[in-house]
Amino acid sequence: MSIISARTGWRFLIAAAVLLSAVPARAIEEPIEIFDAHLHYNWEPTPYFQVDEVLALFRKHRVTGILATSRPNTGTHALMDAKAEGLWVVPFIRPYRVRPDIQTWFNDPTIFDLVQDEYKRGYYRGIGEFHLSGKAAATEWVKKAVDFAVANDLYLHAHADDEAVEILMRHNARAKIIWAHTGFSLAPSRVAAMLATYPQLWGELSYRSGITGAGGALTPEWRAMFEKYPDRFLLGSDTWISERWASYGSIMAEYRGWLKQLPPGIAKQIAHGNAKRLFAENAGNK
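Residues numbered from 1 in each chain as written. Predicted model: local features only at pLDDT ≥ 70, side-chain atom pairs only at ≥ 80, totals over all residues. Heavy atoms only, no water.

## Examining the overall build of the chain
We count it as follows: The way it works is that DSSP assigns letters per residue, a run of H or I at least four long becomes a helix, a run of E at least two long becomes a strand, and they are numbered from the N terminus. Type-normalised accessible area, obtained with a 1.4 Å probe on protein chains alone, sets the label of each residue: buried when under 20%, exposed when over 50%, and partly exposed for intermediate values. Throughout, a residue-residue contact means that at least one pair of heavy atoms, one from each residue, lies within 4.5 Å. We get accessible surface area from the Shrake-Rupley algorithm with a probe of 1.4 Å; when it comes to residues, only the shown protein chains can shield them.
The number of helices and strands found in the chain is twelve helices and eight strands. Counting every position in the chain, which comprises 286 residues, the buried fraction comes to 50%. Long-range contacts, defined here as pairs at least 24 residues apart, represent 73% of the contacts in the chain between residues at least 6 apart. Accessible surface computed for the chain: about 13,600 Å², of which carbon and sulfur atoms make up 58%.

## Remarks on the pattern of salt bridges
Where charged atoms of side chains with opposite charge meet at close range, the side chains can pair. Applicable threshold: Salt bridges, as used here, are contacts in which a Lys or Arg side-chain nitrogen is within 4 Å of a carboxyl oxygen on Asp or Glu.
In the structure shown here, the tally under the stated rule is 13 salt bridges. Residue Glu129 is joined to Arg94 by a salt bridge in which the shortest nitrogen-to-oxygen separation is 3.5 Å. Placement of the pair is Glu129 in strand S4 (residues 126–132) and Arg94 in the loop between strand S3 (88–93) and helix H5 (109–119), with a sequence separation of 35 residues. An identical accessibility class is assigned to Glu129 and Arg94; each is buried. Linked by salt bridges that have partners in common, Arg97, Asp101 and Asp108 make up one network.

## Remarks on the confidence of the model for the chain
Which entries qualify depends on this criterion: Confidence scores labelled pLDDT are given residue by residue by the predictor and lie between 0 and 100.
Per-residue pLDDT for the chain has a mean of 91; in total, 88% of the residues score no lower than 70. Long-range and interchain partners of residues 2–6, a stretch whose pLDDT sits below 50, account for one contact in this model, where long-range means more than four residues apart. Low pLDDT, under 50, characterises residues 12–20; the stretch is placed with zero contacts to residues that sit more than four places away or in other chains.

## Here's the deal with the environment of Arg174
Position of Arg174 among the secondary structure elements: in the loop between helix H7 (162–171) and strand S6 (177–180). Each C-alpha atom, one on Arg174 and one on Asp147, is 9.0 Å from the other, the two residues being 27 residues apart in sequence.

## Thoughts on a nonpolar patch on the surface
Applicable threshold: Surface patches are defined over residues having more than 30% relative accessible area and no salt bridge, joining like charges when they lie within 9 Å and nonpolar side chains (Val, Leu, Ile, Met, Phe, Trp, Tyr) when within 5 Å.
A grouping of Phe184, Tyr207, Trp240 and Ile241 is seen on the molecular surface, where their side chains present a nonpolar patch of about 340 Å² in accessible area. Along the chain, the position of Ile241 falls in the loop between strand S8 (233–234) and helix H10 (242–246).

## Regarding the pairing of strand S1 (residues 34–40)
Here is the rule: Only strands that DSSP links by at least two bridges are regarded as paired with each other. Handedness of a crossover: with both strands directed away from the viewer, a clockwise path from the first strand across the helix to the second marks it as right-handed.
In terms of burial, S1 is largely enclosed, as seven of its seven residues are buried. Looking at chain direction, S1 and strand S2 (residues 63–69) are connected through five bridges and run parallel. When the bridges of S2 are listed, Phe35 appears paired with Gly65. Since S1 and S2 lie parallel, the crossover through helix H3 (residues 51–60) that links them has a hand, and here it is right-handed.

## Topic: the nonpolar core
Rule in force here: Nonpolar cores were defined as sets of buried Ala, Val, Leu, Ile, Met, Phe, Trp, Tyr and Cys residues, with membership established by side-chain atoms within 4.5 Å.
Membership of the largest hydrophobic core comes to 75 residues, with the highest contact counts inside it found for Phe58, Leu132, Phe226 and Trp258. The dominant element in this core, judged by the number of residues it contributes, is helix H11 (residues 248–259), at six residues. Residues Leu67, Trp88, Leu234 and Ala275 belong to the second largest nonpolar core, which totals 13 residues.

## So, the packing of aromatic side chains
Our working rule: In this analysis, rings of Phe, Tyr and Trp, with Trp reduced to its six-membered ring, are considered paired at centre separations within 6.5 Å, and the interplanar angle assigns stacked below 30 degrees, edge-to-face beyond 60, and tilted for intermediate values.
Overall, the coordinates contain 23 aromatic pairs when judged by the stated rule. Ring centres of Tyr41 and Trp245 lie 6.3 Å apart, and the angle between their planes is 80°; this geometry places the pair in the edge-to-face category. Placement of the pair is Tyr41 in the loop between S1 and H3 and Trp245 in helix H10, with a sequence separation of 204 residues. Per residue, the accessibility class of Tyr41 equals that of Trp245, and both read buried. Considering the side-chain rings of Trp222 and Phe233, the 5.9 Å spacing of their centres and the 65° angle between planes classify their relative orientation as edge-to-face. One end of the pair, Trp222, is in helix H9 (residues 220–228); the other, Phe233, is in strand S8, and eleven residues separate them in sequence. Of the residues examined, Phe233 reaches a relative accessible area of 0% and is grouped as buried.

## Here we look at the pairing of S4
Burial analysis of S4 places seven of its seven residues in the buried class, the great majority of the element. Alignment of S3 against S4, held across two bridges, turns out to be parallel. Among the inter-strand pairings, Ile93 is bridged to a residue of S4, identified as Ile127. Across six bridges, the pairing between S4 and strand S5 (residues 155–160) is parallel. Along S5, the bridge assignment pairs Gly128 with His157.

## Side note on the environment of Gly128
The topology assignment puts Gly128 in strand S4. Residue classification places Gly128 among the buried residues on the basis of a relative accessible area of 0%. Spatially, the C-alpha atoms of Gly128 and His159 are 8.5 Å apart, while their sequence positions differ by 31 residues. With near-sequence residues (within four places) excluded, Gly128 lies in contact with Thr69, Phe92, Ile93, Arg94, Pro95 and His157.

What follows is the structure, encoded as structure tokens:
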């Protein structure tokens, strides 16, 4: 090789190195975006983080959308009023004023009044998260809430066992339900049967056990379920207590750990695509 060609080669390598160094690290390593479909910004009586701190946390962990609820609904109002650039806020009406309402809301006519009054704000896309177990879902006031949701094209965000979910669906076959925690530890075979039976049921995966096994590897049962129903799952943080906010980054990192084990198209659907599709009619509030 001549001296001239050697110099040309070195110049090429140096130029290539300069070009690579000019590419922002974020563009190369940016993590998959996540829509947090189970977020509570509770004010009891004040939030754990101020609004600007919460928004900074979302930006840091590339959370681009949230299904926002709070107890009382004041926290959701604050997130909507912030009109944060780059964050899609999808607000749900929480049928609770204080924590004890969890145990009584399904028999309390004043809660139905609360839901109707909040809905007048004009921006809500759903009702929940609310808690139900078994036949507690069979009350008159739960049916009223389900029918109200269907009449106004709202989703229901139900922290419920499979029996309660089935009762909700019997109340109104047109109900659209986001199943908080997807049954917690319910057998995957039963989860799959529920998804097959109810096409308007979507599983939200916070606190859901059994998705991963040793070393964070996806279990065969859940890999098969994600591959069969890629359009039926959502991710969530469930920031119901301060500790969940403090570990927000690790929650998102854990999701990304097993999302990487799925085909990229399926990972994107679960991480954010399904939420964007479900709430697409709300795109004007982005």
